[in-house]
Amino acid sequence: MNVAEYLQYLQTEYFDNRSDAIEFASHTTGIPYTLISVNLNEHVEITRETKQKLARINADEPLAYVIQNKNFYGLDMYVDENVLIPRPETEILVDEALKFAGKRENLRVLDICTGSGCILTALMSSLPDSEGIGLDISEGALDAAKFNADTHGIAERVDFVKGDALRIKELGLGTFDIVTCNPPYLSESEWLLSAKSLKYEPKNALSAGKDDILFYKKLLDMIPYLCNKNGGGAFFELGIGQYQKLLDSGYAKDCSVTKDYQHIERVVSWINL
Ligand code: GLN
């Protein structure tokens, strides 16, 4: 079969949208994503390995794990089952942090719950003279984050620390100009009810347990100590309805919020004035 027929086959049998089919085809043929459309007549062999990968897709495993890649903020990020797959909404957090950074130089950045390191890698790639720390409790996640930092040439400017986000003060990391975090924020029941594909992702990166706003309460209590005085800022990703929940619990009154493309309050920002 040729690439055109292969795409047709992938799309009818395995993928709901064409871009996923193209991504899979690109991964299995080695033809770059953007060159697939000019190589439609190339011959394609469906190997045993491809068939095994398609069986994983059939079992609802996310495409990003099968091809071990997800594009985030224009960067190819390595992902495996130790890390949450970067989501497009999280790019809004990066946008907000970069808007806040403006033209300032030599910033110190802390990314809590760094996972694949996608936020830190995107920030460091856009802030060439800055330094950063990525914190995570999972050794496997830190391995993936280090790999991504290496791939994107930022490894000399970042350190990775294994530690518990909720006990960050004990780590004595100093103060920062920018603090970011995309914590686990699904409640236990939301996680239980979530789609099968989410069950492939590390539970401790998705579910905060019984109290879905626990991380935010702890982080918001800690940020005055973590953010530099006169111009440090913190940016946290939120789940649906959590901004209101925080306000109702007496938190985030001095924060601003940014909505995502679905008009969901997605990023909460706090500036140390
Ligand atoms: N955005 C993810 C989801 O809803 C959750 C990410 C997180 O918990 N940080 O699937």
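Look up a bit, the structure's there.
Residues numbered from 1 in each chain as written. Predicted model: local features only at pLDDT ≥ 70, side-chain atom pairs only at ≥ 80, totals over all residues. Heavy atoms only, no water.

## Let's talk about the pattern of salt bridges
Here is step 1: Scanning all chains against the criterion turns up 9 salt bridges.
Here is step 2: In this structure, Glu 61 and Arg 56 form a salt bridge, with 2.8 Å as the shortest nitrogen-oxygen distance.
Here is step 3: The buried category is assigned to Glu 61, whose relative accessible area is 14%.
Here is step 4: A relative accessible area of 33% places Arg 56 in the partly exposed class.
Here is step 5: Between Glu 201 and Arg 87 there is a salt bridge; the shortest N-O distance is 2.9 Å. With a gap of 114 residues between them, Glu 201 in the loop between helix H8 (188–193) and helix H9 (203–206) and Arg 87 in the loop between strand E2 (75–77) and helix H5 (90–101) connect regions that are remote in the sequence.
Here is step 6: On the basis of relative accessible area, Glu 201 is assigned to the buried category, the value being 5%. (Salt bridge = Lys/Arg side-chain N within 4 Å of Asp/Glu carboxyl O. Buried < 20%, exposed > 50% of the residue type's maximum accessible area, 1.4 Å probe, protein only. Helix = DSSP H or I, 4+ residues; strand = E, 2+ residues; numbered from the N terminus.)

## Brief notes about the packing of helix H2 (residues 18–29) against helix H3 (residues 48–58)
Here is step 1: Where H2 contacts H3, the two axes come as close as 11 Å, and the packing angle between them is 155 degrees. Relative to H3, the element H2 lies roughly antiparallel. You can see that H2 and H3 cross each other, and the crossing is right-handed. Where H2 abuts H3, its residues Phe 24, His 27 and Thr 28 lie against Thr 50, Lys 53, Leu 54 and Ile 57. (Axes fitted to C-alpha atoms, helices over the stretch in contact; angles between N-to-C directions. Parallel < 35°, antiparallel > 145°, perpendicular 65-115°, else oblique. Left-handed = near helix turned anticlockwise from the far one by under 90°. Contact = heavy atoms within 4.5 Å.)

## Points about the pairing of strand E9 (residues 232–237)
Here is step 1: Taken across its 6 residues, E9 has 6 buried, putting it largely inside the fold.
Here is step 2: With 6 bridges connecting them, E9 and strand E11 (residues 265–272) associate as antiparallel partners. Following the sheet pairing, Phe 236 is matched in E11 by Val 268. (Pairing = 2+ DSSP bridges.)

## Here we look at the site of the ligand
Here is step 1: Taken together, Leu 84, Arg 87, Glu 89, Asn 182, Pro 183, Pro 184, Tyr 185, Leu 198, Ala 205 and Leu 206 make up the full set of residues adjacent to the ligand.
Here is step 2: Within the backbone of Pro 183, one N or O atom sits 2.7 Å away from a nitrogen atom of the ligand.
Here is step 3: For the ligand, whose free accessible area comes to 300 Å², the fraction covered by protein is 87%.
Here is step 4: The residue makeup of the shell around the ligand, split by class, is 7 nonpolar, 1 polar and 2 charged. (Near = heavy atom within 4 Å. Polar contact = N/O pair within 3.5 Å; in protein donor to acceptor, adjacent residues only side chain to side chain. Areas by Shrake-Rupley, 256 points an atom, 1.4 Å probe, with all protein chains shown as cover. Nonpolar A, V, L, I, M, F, W, Y, C, P; charged D, E, K, R; others polar.)

## With respect to the side chain of Asp 80
Here is step 1: The residue Asp 80 is located in the loop between E2 and H5 in this model.
Here is step 2: Arg 56 provides the closest opposite charge to the buried, salt-bridge-free Asp 80, at an N-O distance of 10 Å.
Here is step 3: Sequence-distant contacts of Asp 80, that is, excluding residues within four places in its chain, are made with Tyr 65 and Gln 68. (Lys, Arg positive; Asp, Glu negative; His and termini not counted.)

## Some thoughts on the nonpolar core
Here is step 1: One finds Leu 110, Ile 112, Ile 168, Val 179, Tyr 216, Leu 220 and Phe 236 to be the most contacted residues of the largest nonpolar core, which totals 36 residues.
Here is step 2: Of all elements in the fold, only strand E3 (108–112), strand E4 (131–136), strand E6 (178–181), helix H10 (214–226), E9, helix H11 (242–248) and E11 reach the threshold of two or more residues within this core.
Here is step 3: When neighbours within four sequence positions are excluded, Leu 220 is seen to be in contact with Phe 236, Leu 246, Tyr 251, Ala 252 and Cys 255.
Here is step 4: Core analysis: the next-biggest nonpolar cluster, separate from the first, contains 28 residues, Ile 92, Val 109, Phe 160 and Val 267 among them. (Core = buried A, V, L, I, M, F, W, Y, C linked by side-chain atoms within 4.5 Å.)

## Comments concerning the packing of aromatic side chains
Given two aromatic rings, their pairing is described by the distance between the two centres and the angle made by the two planes.
Here is step 1: Tallied over the entire structure, the rule returns 5 aromatic pairs.
Here is step 2: With a centroid separation of 5.8 Å and an interplanar angle of 75 degrees, the aromatic rings of Tyr 9 and Tyr 14 are classed as edge-to-face.
Here is step 3: Sitting above the plane of the Tyr 225 ring, Lys 169 keeps its charged end 4.2 Å from the centroid.
Here is step 4: When the ring centre of Trp 191 is taken as reference, the NZ or CZ atom of Lys 199 above it lies at 5.1 Å. (Phe/Tyr/Trp six-rings, centres within 6.5 Å; stacked < 30°, edge-to-face > 60°. Lys NZ or Arg CZ within 6 Å of the ring centre and 35° of its normal.)

## Concerning unusual backbone geometry
Here is step 1: Even without a glycine there, the phi angle at Gln 68 is positive, about 55 degrees.
Here is step 2: Within the secondary structure, Gln 68 sits in the loop between helix H4 (63–67) and strand E1 (70–72).
Here is step 3: Of note in this structure, His 263 is not a glycine but carries a positive phi near 65 degrees.
Here is step 4: Tracing the backbone through its elements, the reader meets His 263 in the loop between strand E10 (256–259) and E11.
Here is step 5: The class for His 263 is exposed, based on a relative accessible area of 62%.

## Quick word on helix H6 (residues 118–126)
Here is step 1: Counted residue by residue, H6 has 7 buried out of 9 residues, so it is predominantly covered.
Here is step 2: The complete set of buried residues in H6 reads Cys 118, Ile 119, Leu 120, Thr 121, Ala 122, Leu 123 and Met 124.

## What about the packing of helix H1 (residues 3–13) against H2?
Here is step 1: It is at 9 Å that the axes of H1 and H2 come closest, and there the two elements cross at 125 degrees. Taken together, the axes of H1 and H2 lie oblique to each other. Two packed elements cross with a definite hand, and for H1 against H2 that hand is right-handed. In contact with Tyr 6, Leu 7, Leu 10 and Gln 11 of H1, H2 contributes Arg 18, Ala 21, Ile 22, Phe 24, Ala 25, Thr 28 and Thr 29.
Here is step 2: When the residues that make up the contact of H1 with H2 are grouped by side-chain class, the tally is 7 nonpolar, 3 polar and 1 charged.

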